[in-house]
Amino acid sequence: MHALHDGKFKSLEEIAVQIREDILKMLIKAGSGHSAGSLGLADIFTAFYFHILNHNPKKPNWKNRDRLILSNGHVCPARYAAMAHAGYFPKSELLTLRKLGSRLQGHPELQCLPGVESTSGPLGEGSSQAAGLAYAAKMDEAKWRVYCLMSDGELQEGQTWEALMFAAKYKLTNCTFIIDRNNIQIEGHTETVMPLEPLVEKFKAFGLHVEECAGNDIRDFVNAIERAKEISEKPTVIVAHTIPGKGIDFMENKFEWHGKIPVGAEGRKALAEIRTLQGKIKSEHE
Amino acid sequence: MPFVLKEIPRLKYAATRDGFGLGLLEAAKKNKNIVVLSADLTESTRCLPFKEKFPERFIQLGVAEQSMASIAAGLALGGKIPFITSYAIFSPGRNWEQIRTCIALQNANVKIIGSHAGLNVGPDGATHQMLEDLALTRVLPGITILSPCDVAEAKKATLAAAKIKGPVYLRLAREASPIFTGSTTLFEVGRMQIFREGVAATIIATGPLVYEALKAAEILKIKDKLNVRVINCSTIKPLDKKTIIESAKKTGVIVTVEEHMVAGGLGSAVAEVVVANHPVPMEFVGIKDKFGESGKPQELLEKYGLTARYIVAAVIRTIARKNKK
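For clarity, every value in this text was computed on a predicted model and none was experimentally measured.

### Remarks on the overall build of chain A
Argument step 1. Tallying secondary structure elements over chain A gives ten helices and seven strands in all.
Argument step 2. Rg of the C-alpha trace for chain A: 18 Å, near the compact-globule value of 19 Å for 286 residues, within the 12% margin.
Argument step 3. On the principal axes, the C-alpha backbone points of chain A span a range of 55 × 45 × 40 Å.
Argument step 4. Taking all 286 residues of chain A together, the buried fraction comes to 52%.
Argument step 5. Looking at chain A alone, contacts between residues at least 24 apart form 75% of all its contacts between residues at least 6 apart.

This is the structure:
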């Protein structure tokens, strides 16, 4: 991975828009799922699959690949869409999400779809699995890295902190934890449901290096990932501030959209907003 | 060679956890991918020799059984064969959902070692007496469950677990119990062993209580002139259905024996097979919907009705039910 030049940055932004559109179509077709978090992570998944990860979509089990563990499995539509765009499987398969017989399970399953790296959904377990993987890589002196993408809400799970203590104790510097700090969870804002702040200080107190970035700014996120790789004393946590429901005015920052999907006219309105970049451009599809 | 309970003049005792410790060391010498995870119970789970011999493959997690199960799954994804070691009450007790999602559903090659299972942890009391672990693990698709009857079998079970590609739960006891099998006793995952032949009834037992079942058979023979078949069920899953059905047909009476809740344990597993294939009168020797308490292991086995005399009574009652038909 290297720094992003302007041309590449521009193309990544365009891919992220396509991924957002696919996420929305998938959720509408599925009839259920998690809209806000999935849309908020389109930029981060784009950055991973099109710039950060050392991977080969044609060889999902290539042993030297970087591993991206998704802990909050409910945002998997974003991962599936990015994987399809990267060439892991045909884009047409995206519309099978949550349907009987689909490899695109409602929450991702390792046994179903090569490349998803782990089964997840029940919160708080990804950080431990990522730490275990990173420990195995260190034992084997392997060069590949582990990235663990987690939600902010799942930091309320005690297991997360067990995993972070472990990562700090064993100096798992080959593992980078990324927090999708979108401030929402099912029943409201995280700070109302169960306050997480002061979050950065908590991570520091647990022996981790902390970086912050704007999670919907691909360049800012890539730079944070680059800085994390430079840190050789401690594992790094990146607090990526994102906008839940990003790209759709009536969803942005609304916790009500955590676990539901737009239906009927709402769905059409949402798609139009994505296609026009919230009215900034004229849609090609119109 | 079939098992024969001989008169053992000086019966020796050891805990099944000791057999695990020996098996682990032997398996680890053969396979460098084996790693051991400890949640602050290295000595009492008998992992100390492994830690001393292979310090680079020993991972201390502190008191964090939930993370331990998931970290092990991650290690398995990275090609290792993790043995997660703790007391059964914490693993698979505390961390059941992590085992379900990260280990069973992913078919991760993780070995879950639950020591101190059953009432025999004695003075520690109900909080530490794991009586539900077979029920908890039996409902997980794809997992292998081993419950050895003595130290020698525990060693064999450990070696077998290391070779299985996939999740295994190994149930171990803290307390020393009779050593009554040896190097020539057959052990095969998924196969019950007939330790004593008979036609009047079948006793299917698991864990160290198999010895109580053999004592019960001896009493039944001497006092009641009844020859009963005694089966050691050291693989709870996959269950040896063939031997269960054959025993039901041959003896017409089945009594199960376990240091575990009757609900969901060996008895339930055997009953599912019997009811669906060849219904015969059954009775269940086990814990009857109660928590344990502090006491000496032998006192507790007596109080909770798990010793030979209770097995004898259950067999006689069940034979009477058969004869009434």
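Continuing now.
### Some points on the overall build of chain B
Argument step 1. A tally of regular secondary structure across chain B gives twelve helices and 14 strands.
Argument step 2. Relative to the globule expectation of 20 Å for 325 residues, the C-alpha radius of gyration of chain B, 19 Å, shows essentially globular dimensions.
Argument step 3. A separation threshold of at least 6 residues defines the contact pool for chain B, and within that pool the share at least 24 residues apart is 79%.

### Brief notes about helix α3 (residues 65-77) of chain B
Residue and element names in this part refer to chain B.
Argument step 1. Its 13 residues place the ends of α3 18 Å apart at the C-alpha level, agreeing with the 18 Å of an ideal helix rising 1.5 Å per residue.
Argument step 2. Counting buried residues in α3 gives 13 out of 13 residues, a clear majority hidden from the surface.
Argument step 3. One or two residues past the end of α3 sits G79, with phi positive at roughly 95°.

### Some thoughts on the sheet that holds strand β2 (residues 146-151) of chain A
Residue and element names in this part refer to chain A.
Argument step 1. The strand order across the open sheet formed by five strands is β1-β2-β3-β7-β6, and the pairing between neighbours is parallel. Strands at the two margins of the open sheet, each flanked by one partner only, are β1 (67-70) and β6 (209-214). Going from strand to strand, the sheet's axes swing by 20° on average, the running direction of each strand aside.
Argument step 2. Direction of pairing for strand β3 (residues 175-181) relative to strand β7 (residues 236-241): parallel, over a ladder of six bridges. Considered in β7, the bridge of T176 is made with T236.
Argument step 3. Sitting on the sheet, helix α5 (residues 126-139) touches β1, β2 and β3, and the angle it makes with β2 is about 170°.

### A word on the domain arrangement of chain B
Frequently, the measure chosen for interface size is the accessible area removed from exposure when the parts meet.
Residue and element names in this part refer to chain B.
Argument step 1. The assigned domain composition of chain B is domain 1 (13-178) and domain 2 (193-324).
Argument step 2. Here the C-alpha centroids of domain 1 and domain 2 sit 26 Å apart.
Argument step 3. Across the contact, 29 residues belong to domain 1 and 29 residues belong to domain 2.
Argument step 4. For the side of domain 1 that touches domain 2, the secondary-structure elements that each account for two or more residues are α6 (133-138), β6 (144-146), α7 (151-163) and β8 (177-178).
Argument step 5. Taken together, the residues of the side of domain 1 that touches domain 2 break down into 14 nonpolar, nine polar and six charged.

### What to know about the environment of B:Y13
Argument step 1. Mapped onto the elements, B:Y13 comes out in strand β1 (residues 13-14).
Argument step 2. Counting along the chain gives 165 residues from B:Y13 to B:P178, while the straight-line C-alpha distance between them is 4.5 Å.

### Topic: helix α4 (residues 76-86) of chain A
Helical geometry note: an α-helix holds 3.6 residues per turn, so side chains three or four residues apart project in the same direction.
Residue and element names in this part refer to chain A.
Argument step 1. Of all eleven residues making up α4, eleven are buried, and the element is well covered by its neighbours.
Argument step 2. All of the buried residues in α4 are C76, P77, A78, R79, Y80, A81, A82, M83, A84, H85 and A86.
Argument step 3. Next to the buried residues of α4 lie α1 (6-30), α2 (35-40), α3 (42-52) and β1.
Argument step 4. Just beyond α4, the residue with positive phi is G87, at close to 105°.

### Quick notes on the interface of chain B and chain A
Argument step 1. With 21 residues of chain B in contact, the opposing surface of chain A contributes 19 residues.
Argument step 2. Counting residues per element, the ones that place at least two in the side of chain B that touches chain A are α3 and α5 (96-104) of chain B.
Argument step 3. When residues of the side of chain B that touches chain A are assigned to their parent elements, the largest contribution, nine residues, is made by α3(B).
Argument step 4. Residues of the side of chain B that touches chain A, tallied by class, amount to nine nonpolar, ten polar and two charged.

### Focus: the packing of α3(A) against α4(A)
For any two helices packed against each other, the geometry is given by the interaxial angle and the distance between the axes.
All names here are of chain A.
Argument step 1. Between α3 and α4, whose axes approach to 9 Å, the crossing angle comes to 35°. Note on packing geometry: the crossing formed by α3 with α4 is right-handed. Contact with α3, carried on its side by A42, F45, T46, Y49 and F50, involves A78, R79, A82, M83 and A86 of α4 and no other residues of that element.
Argument step 2. In terms of residue class, the contact of α3 with α4 is built from eight nonpolar, one polar and one charged.

### Topic: the pairing of strand β4 (residues 81-87) of chain B
Residues and elements named next belong to chain B.
Argument step 1. Counting buried positions along β4 yields seven of seven residues, so the element is predominantly enclosed.
Argument step 2. In this sheet, strand β5 (residues 111-115) lies alongside β4 in parallel orientation, the contact comprising five bridges. In the sheet register, Y87 faces β5, and the bridge partner there is S115.

### Comments concerning unusual backbone geometry
Argument step 1. Here the bond from B:S91 into B:P92 is cis, since omega is 25°, no more than 30 degrees from zero.
Argument step 2. Counting through the fold element by element, B:P92 comes out in helix α4 (residues 89-94).
Argument step 3. Omega for the peptide link from B:K237 to B:P238 comes to 0°, which places this bond in the cis form.
Argument step 4. Relative to the elements of secondary structure, B:P238 occurs in the loop between β12 (235-237) and α9 (241-251).
Argument step 5. Phi is positive for A:N183, which is not a glycine, with a value near 70°.
Argument step 6. Judged by the 20 C-beta atoms lying within 10 Å of it, A:N183 is buried.
Argument step 7. With a phi close to 55°, B:D289 is a non-glycine residue in the positive phi region.
Argument step 8. Structurally, the position occupied by B:D289 is in the loop between β14 (282-287) and α11 (297-303).
Argument step 9. In this structure B:D289 comes out as exposed when scored by C-beta crowding, with 9 C-beta atoms within 10 Å.

Scoring rules and cut-offs
Residues numbered from 1 in each chain as written. Chains lettered and ligands numbered in written order. Predicted model: local features only at pLDDT ≥ 70, side-chain atom pairs only at ≥ 80, totals over all residues. Helix = DSSP H or I, 4+ residues; strand = E, 2+ residues; numbered from the N terminus. Rg over C-alpha atoms; globule rule 2.2 N^0.38 Å. Buried ≥ 20, exposed ≤ 12 C-beta atoms within 10 Å, placed from the backbone. Contact = placed C-beta atoms within 7 Å. Expected span 1.5 Å × (residues − 1). Pairing = 2+ DSSP bridges. Axes fitted to C-alpha atoms, helices over the stretch in contact; angles between N-to-C directions. Domains from an automatic or database assignment. Nonpolar A, V, L, I, M, F, W, Y, C, P; charged D, E, K, R; others polar. Left-handed = near helix turned anticlockwise from the far one by under 90°.

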